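# Fold and contact review
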Amino acid sequence: MFKKGWGATLLGAAAALALVGSAIAQQPLKIAFVYVSPVGDAGWTYQHDLGRKAIEKQFGNKIATKYVENVPEGADAERVIRELAASGHTLVFTTSFGYMNPTIKVAKAFPKVHFEHSTGYKRDKNVGTYNARFYEGRYLAGIVAGKMSKSGVAGYVAAFPIPEVLQGINAFTRGMQSVSPKGQVRVIWVNSWYDPGREREAAMTLISQGADVLMQHTDSTAPVQAAEEKGVYAIGYHSDMSKYGPKAHLTASTHDWSGFYAKMVGDALAGKAQPSNVWGGIKEGMVKMAPMNAAVPKDVRDMVAKAEADIAAGKLHPFAGPVKDQSGKERVPAGKSMPDDQLAVMDYYVEGVQGQLPKK
Amino acid sequence: MMDALVPILVATLAAGTPLVFAALGELVVEKSGVLNLGVEGMMLCGAIAGFAATVASGSIWIGVLAGMAAGAATALVFAVLTLTLQANQVAAGLALSIFGVGLSAFVGKPFESVALPSPQAFGIPGLADIPLLGPVLFAQQPLVYLSWVLFGLVSWFLYRTRPGLVLRAVGESPTSANAIGYPVIGIRYLATLFGGAMAGVGGAYLSVIYTPMWVESMTAGRGWIALALVVFATWRPGRVLVGAYLFGGVTIAQFFAQGAGAAIASQLLSSLPYLATIVVLVLISRNPTVIRLNAPVSLGKSYHPDG
């Protein structure tokens, strides 16, 4: 009796499993996103989440998306990514540089899951990378700063001295100097991507040292708020931050991932997704400028629009030679533009940046 | 030179103020013989409660009061555990810190990336116009002035009043204080609640006035620094004040050094405030006799009236 009962249960379980199996085949494609900070309503993660919402809208019930926010880089990230891969997600986007090694590691254990890692450089059979040419937006922001600054000094609140951030500082400086040859950029490193207290202290320091336009490469809106409070200008980053500084916020250099996400999801639904290796910029629509403040005059807007069109058309490169670093050493000769492999390892300030880069 | 100095000093006082509140509160707690290691957790609870109340009410002062209440409520949990239930103070304090970090992060979820307007500084008429001293000392946030009032009150209370003497006696020898009829547990309850309330104000200052923004774990170790300040300042209010401003000053000065173009690794600069504060306080307070005189003898020991 006892044995018979078990046999029936097992049979029933097997039948149930078969049913579930066939149901999975018709279920929506499960897509997961791993975010390093809370989504909030501005910043790096917010932009990725806009992309997630865009694909949800576009693909409707053909896909089901899920996100995990505020995942610290490191051991926790590996656990979260592993869990997402194990729970049937076929496409996993990991959206912070520090997720690179955990992503690669988990990907080896789940060869059927497709991973896409943002801003990294390690790829595998089932791991692609995608990134944006943020420096193109920085160059345009530099033009705005150069035209709007009265003191000729711009302040830059920066997170960590890695190539991506240095590309931004240098492109911003070159953009500023393209319209204001004597323009200077002062940099303060806060050693954090997201720490409003320190970002605010750094912004206040820069303002008291004469900067009247602030640029930031950190996540919070604290620098824009500090500028608003002190009556100077600021240029936002990641998102349009104008509501945090209606008078101060001139424009923002923003990212748009929706096009890339839509392409990846379309490919995955068609069953032909390949690991990508994307580094898109203004041309691909990945980098966009936020609407300009009313304080920005028409000639400046036109100037930015022209530079934007030229960058998209490949006629203008923010690092077109001659590019000299602070010591006067020529990094790119006249007539050439900096190649991508050289951009990717940038570890110096160009002429026009004040102070020296801290040694590692 | 003067022009460069004023913003540094103004920012120094602003950065040191949360430490002044939290450390002076903890000083009173420790003087009564209770060691509450939960300052970081109490500050965070104060920070989120203050922020939420300010967002809801639009008033900074309601926010500060809410922060004070939240800090005291968190301290009450600690007091019940250690004073009534006789739990180990070190373990309960550490647990309170970890609990406060988690609870504030959970409660604060909807407030991530909500921004408050920056409150205006309040210049004291007449005094704010004195060159150098005016803008530094008398054109600050009202809470900065209140932190000085608190400093005066705590110094006066501990060393010039009878209840202050009783509180210190409870911290030195609870058995003797009990023998002559003082309610040891009651006094320790009051001191612990006061410490929690002040930590809560320090937290609310950070989230409502200083940043003004709520971020998970935004106190960034300031609660621990406040604890260290009390010990390294050998339980003396004046030195706590010096230590708090030293910490604030080095924090701000390293940004100025960077902005001025000093080529020192920013990671090293970031660690300087912690290092400098502790080294200086250890140096000025290295006399062992003075330490023995000021340290509450029964610090951290549970007390029960029946022995």
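Procedures and definitions
- Residues numbered from 1 in each chain as written.
- Chains lettered and ligands numbered in written order.
- Predicted model: local features only at pLDDT ≥ 70, side-chain atom pairs only at ≥ 80, totals over all residues.
- Heavy atoms only, no water.
- Helix = DSSP H or I, 4+ residues; strand = E, 2+ residues; numbered from the N terminus.
- Rg over C-alpha atoms; globule rule 2.2 N^0.38 Å.
- Buried < 20%, exposed > 50% of the residue type's maximum accessible area, 1.4 Å probe, protein only.
- Contact = heavy atoms within 4.5 Å.
- Areas by Shrake-Rupley, 256 points an atom, 1.4 Å probe, with all protein chains shown as cover.
- Lys, Arg positive; Asp, Glu negative; His and termini not counted.
- Charge placed at Lys NZ, Arg CZ, Asp CG, Glu CD.
- Expected span 1.5 Å × (residues − 1).
- Arc of directions from axis to C-beta.
- Polar contact = N/O pair within 3.5 Å; in protein donor to acceptor, adjacent residues only side chain to side chain.
- Pairing = 2+ DSSP bridges.
- Axes fitted to C-alpha atoms, helices over the stretch in contact; angles between N-to-C directions.
- Core = buried A, V, L, I, M, F, W, Y, C linked by side-chain atoms within 4.5 Å.
- 1 Å grid on protein atoms, 1.4 Å probe; cavity = no way out; pocket = protein on both sides within 12 Å on 5 of 7 lines; lining within 4 Å.
- Points joined across faces, edges and corners; volume = space filled by probe spheres on them.
- Nonpolar A, V, L, I, M, F, W, Y, C, P; charged D, E, K, R; others polar.
- Parallel < 35°, antiparallel > 145°, perpendicular 65-115°, else oblique.
- Domains from an automatic or database assignment.
- Buried area = accessible area lost by both parts, 1.4 Å probe.
- Salt bridge = Lys/Arg side-chain N within 4 Å of Asp/Glu carboxyl O.

## Some words on the overall build of chain B
Per the secondary structure count, chain B includes 13 helices and 2 strands. Compactness check: chain B gives a C-alpha radius of gyration of 19 Å against a globular reference of 19 Å for 307 residues, within 12% of the reference. C-alpha extents for chain B along the principal axes are approximately 60 × 45 × 45 Å. Buried residues in chain B amount to 53% of all 307 residues. Once local pairs closer than 6 in sequence are excluded, the contacts in chain B between residues at least 24 apart make up 79%. Counting only carbon and sulfur atoms, one obtains 75% of the accessible surface of chain B, whose full area is about 12,300 Å². Side chains of chain B give 12 positive and 9 negative charges; the mean places of these two sets differ by 14 Å.

## A word on helix α3 (residues 75-86) of chain A
All names here are of chain A. For α3, spanning 12 residues, the distance from its first C-alpha to its last is 17 Å, which sits close to the expected 16 Å at 1.5 Å a residue. Restricting attention to buried positions, one finds in α3 the residues A77, E78, V80, I81, L84 and A85. Along α3, the residues classed as buried sweep out an arc of 165° about the axis, all on the same side. The exposed set on the far side of α3, more than 90 degrees from its buried face, consists of A75, E83 and A86. Check the buried side of α3 and you find it contacts β1 (29-34), β2 (63-68), β3 (91-94), α4 (100-109) and β4 (114-118). Immediately downstream of α3, the backbone of G88 shows phi near 90°, a positive value.

## What to know about the side chain of H255(A)
Residues and elements named next belong to chain A. Along the chain, the position of H255 falls in strand β10 (residues 249-255). A relative accessible area of 2% places H255 in the buried class. Within polar-contact distance, the side chain of H255 engages the side chain of H238 at 3.3 Å. Ignoring sequence-local partners within four residues, the contact set of H255 consists of W44, Q47, F134, Y237, H238 and M286.

## Focus: the sheet that holds strand β12 (residues 287-289) of chain A
Residues and elements named next belong to chain A. With respect to topology, 6 strands assemble into an open sheet ordered β7-β6-β8-β9-β10-β12, the strand pairing being mixed. Of all strands in the sheet, those with a lone pairing partner are β7 (184-189) and β12, marking the two edges. In this sheet, neighbouring strand axes are inclined to one another by 20° on average, regardless of whether the strands run parallel or antiparallel. Across 4 bridges, strand β9 (residues 233-238) lies against β10 in parallel orientation. When the bridges of β10 are listed, H238 appears paired with T254.

## A word on the environment of V296(A)
All names here are of chain A. Here V296 is to be found in the loop between β12 and α10 (298-312). By relative accessible area, which is 1% here, V296 ends up buried. Once the C-alpha coordinates of V296 and V127 are considered, the two residues, 169 residues apart in sequence, prove to be 43 Å apart.

## Side note on the sheet that holds β2(A)
All names here are of chain A. One open sheet holds the 6 strands; their spatial order is β2-β1-β3-β4-β5-β11, and the pairing between them is parallel. Two strands close off the open sheet at either side, each with one partner strand: β2 and β11 (277-280). This sheet shows a mean twist of 15° between the axes of neighbouring strands, independent of strand direction. Bridge count between β4 and strand β5 (residues 127-132): 4 bridges; the pairing is parallel. Bridge pairing in β5 links E116 to G128. Together, β1, β2, β4 and β5 form the strand contacts of helix α2 (residues 44-59), whose direction differs from that of β2 by roughly 165°. Contacts from helix α9 (residues 258-269) reach β1, β2, β3, β4, β5 and β11 within the one sheet, and its direction differs from that of β3 by about 160°.

## Some thoughts on the nonpolar core
Grouped together as the largest cluster of nonpolar side chains are 78 residues, with contacts concentrated most on V39(B) and W214(B). Broken down by element, the residue count for this core peaks at 14 residues, all from helix α1 (residues 2-31) of chain B. By size, the runner-up hydrophobic cluster in this structure holds 65 residues, among which are A171(A), V296(A), V300(A) and V350(A).

## Considerations on empty space enclosed by the protein
Inspection of every chain in the model, using the stated rule, returns 2 cavities of 30 Å³ or more. In this structure, the second largest cavity encloses a volume near 70 Å³. In this structure, the second largest cavity is lined by V187(A), W189(A), Y349(A), Q354(A), G355(A), Q356(A), P358(A), Q258(B), G261(B), A262(B) and I264(B). Residues belonging to the lining of the second largest cavity are distributed by class as follows: 6 nonpolar, 5 polar and no charged.

## Section: unusual backbone geometry
Residues and elements named next belong to chain A. A cis amide bond links G321 with the next residue in sequence, P322, at an omega value of 0°. A positive phi is found at T119, a non-glycine position, where the angle reads about 75°. Relative to the helices and strands, T119 is located in the loop between β4 and β5. Even without being a glycine, N191 presents a positive backbone phi close to 55°. Note that N191 resides in the loop between β7 and α7 (196-208). Relative accessible area serves as the criterion here: at 16%, N191 is assigned to the buried category.

## Here's the deal with the side chain of S276(A)
For S276(A), the position within the fold is in the loop between α9 and β11. In contact with S276(A), other than residues within four places in its own chain, are E116(A), R123(A), G128(A), T129(A), F260(A) and M264(A).

## Some details on the packing of helix α7 (residues 162-172) of chain B against helix α9 (residues 184-210) of chain B
Two quantities define a packed helix pair, namely the angle between the axes and the distance from one axis to the other. Residue and element names in this part refer to chain B. Orientation of α7 relative to α9, taken along the N-to-C sense of each, is 110°, at an axis distance of 10 Å. Judged by the inter-axis angle, α7 sits roughly perpendicular to α9. Between α7, through V166, L167 and V170, and α9, the contact on the second element is made entirely by V184, I187, R188 and A191. Considered class by class, the residues forming the contact of α7 with α9 number 6 nonpolar, no polar and 1 charged.

## Describing the domain arrangement of chain A
Residues and elements named next belong to chain A. Domain annotation for chain A reports domain 1 (25-132 + 257-280) and domain 2 (134-254 + 287-354). Measuring from the centre of the C-alpha atoms in domain 1 to the corresponding centre in domain 2 gives 29 Å. On the side of domain 2, 14 residues touch domain 1, which itself brings 12 residues to the contact. Both faces considered, domain 1 and domain 2 share a buried interface measuring about 1,100 Å² in area, 60% of it formed by carbon and sulfur atoms. Here domain 1 is connected to domain 2 by 0 salt bridges.

## Some points on the interface of chain B and chain A
Taken together, the contacts link 31 residues of chain B with 31 residues of chain A. Roughly 2,500 Å² of surface becomes buried between chain B and chain A when both sides are summed, with 51% attributable to carbon and sulfur atoms. Our enumeration of links across chain B and chain A arrives at 1 salt bridge. K109(B) is paired through a salt bridge with E69(A); the nearest N and O atoms lie 3.8 Å apart. Here chain B is connected to chain A by 7 residue pairs in polar contact (both at pLDDT 80 or more). Elements with a minimum of two residues in the side of chain B that touches chain A: α1, α11 (237-259) and α12 (266-284) of chain B. Looking at the side of chain B that touches chain A residue by residue, the class counts come to 16 nonpolar, 11 polar and 4 charged.

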